[in-house]
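Descriptive analysis of the structure
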Amino acid sequence: MKRVDGRKARGERRRTEIINATLRVVERDGVAGVSHRTVAQEADIPTASTTYHFANLDDLLIATLISCAQDMATEVYWMIDRARSREGLRRAGEGGPSAADEVSGLLAEALGPQRGRTMAEYELYLLAARRPELRPAARRWLDVLTSMVRHDDEVAFRVFLAGIDGLLMQGLIDDEPPTAAELRPVVEYLLKPR
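With that out of the way, let us pick up the overall build of the chain. Looking only at helices and strands, the chain features nine helices and zero strands. Helices and strands appear in the chain in the N-to-C order α-α-α-α-α-α-α-α-α. When each of the 194 residues of the chain is scored for burial, the buried share is 39%. For the chain, restricting intrachain contacts to residue pairs at least 6 apart in sequence, the fraction spanning at least 24 positions comes to 67%. Taken as a whole, the chain presents about 11,500 Å² of accessible surface, with 52% of it coming from carbon and sulfur.

In structure tokens, the structure reads:
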């Protein structure tokens, strides 16, 4: 029987709490609002705890970017997997939403009810354009996703991902978030076999 180290498990939980608090601070105040103190206040823990787990802000931002990358890759993976499954069922004559319907609905969710979280993730993602030390963490979501998803055409898959990024960025700057119905024609085009 494998023995679990309680201190290590508590340390990992605390790191996760700090990363989640960092993302909430970015969502509320932007990256400029991130400091050890603001994150500690958001997590309701002592500031010393944030500095113990993350010696400097770059370490904290990198850990948050990596966490976002893993979450984003997992979300896109499941979105693609569900869309393929539903497309297979629809083609088999069982009805239900198409792949384009599924993807459009998830994008509308990201730009509507989850808008703040999506904006925080993209703000962290774009910070890497100015801060080279953050770039490997920002690129990680694409690396993780391309290793997770089976695809026959590397170029078509990258076009699909770039299109999703573009739709999310454009949706974030719209005055009103786009609906699934508005997103569907573009998503349908991105999903067309080449």
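Bringing a negative patch on the surface into the picture now. A contiguous patch of negative charge on the surface is contributed by D174, D175, E176 and E182. Tracing the chain through its elements places D175 in the loop between α8 (154-173) and α9 (180-191).

Take empty space enclosed by the protein next. For the coordinates displayed, the defined rule picks out one cavity of 30 Å³ or more. The calculated volume of the largest cavity comes to roughly 50 Å³. Every residue along the wall of the largest cavity is listed here: L65, C68, A69, M72, E121, Y125, A137, A138 and W141. Among the secondary structure elements, those contributing two or more residues to the lining of the largest cavity are α4 (57-91), α6 (115-130) and α7 (135-148). A total of four residues in the lining of the largest cavity trace back to one element, the largest contributor, which is α4.

Let us look at helix α1 (residues 6-29). At 3.6 residues per turn, the α-helix brings residues three or four places apart onto the same side. The terminal C-alpha atoms of α1 lie 34 Å apart, and with 24 residues this matches the ideal 34 Å at 1.5 Å per residue to within 8%. For α1, the complete set of buried residues consists of G11, I18, I19, A21, T22, L23, V25 and V26. One or two residues past the end of α1 sits G30, with phi positive at roughly 80°.

Among the structural elements, D165 can be located in helix α8. Residues D165 and Y122, spaced 43 residues apart in sequence, show a C-alpha to C-alpha distance of 9.3 Å. Each residue touching D165, except ones within four places of it in the same chain, is listed here: Y122, Y125 and W141. Engagement of the side chain of D165 in a polar contact is seen with the side chain of Y122, the distance being 2.4 Å.

Cut-offs and rules
- Residues numbered from 1 in each chain as written.
- Predicted model: local features only at pLDDT ≥ 70, side-chain atom pairs only at ≥ 80, totals over all residues.
- Heavy atoms only, no water.
- Helix = DSSP H or I, 4+ residues; strand = E, 2+ residues; numbered from the N terminus.
- Buried < 20%, exposed > 50% of the residue type's maximum accessible area, 1.4 Å probe, protein only.
- Contact = heavy atoms within 4.5 Å.
- Areas by Shrake-Rupley, 256 points an atom, 1.4 Å probe, with all protein chains shown as cover.
- Patch = residues over 30% accessible without salt bridge, like charges linked within 9 Å, V, L, I, M, F, W, Y side chains within 5 Å.
- Salt bridge = Lys/Arg side-chain N within 4 Å of Asp/Glu carboxyl O.
- Lys, Arg positive; Asp, Glu negative; His and termini not counted.
- Charge placed at Lys NZ, Arg CZ, Asp CG, Glu CD.
- 1 Å grid on protein atoms, 1.4 Å probe; cavity = no way out; pocket = protein on both sides within 12 Å on 5 of 7 lines; lining within 4 Å.
- Points joined across faces, edges and corners; volume = space filled by probe spheres on them.
- Expected span 1.5 Å × (residues − 1).
- Polar contact = N/O pair within 3.5 Å; in protein donor to acceptor, adjacent residues only side chain to side chain.

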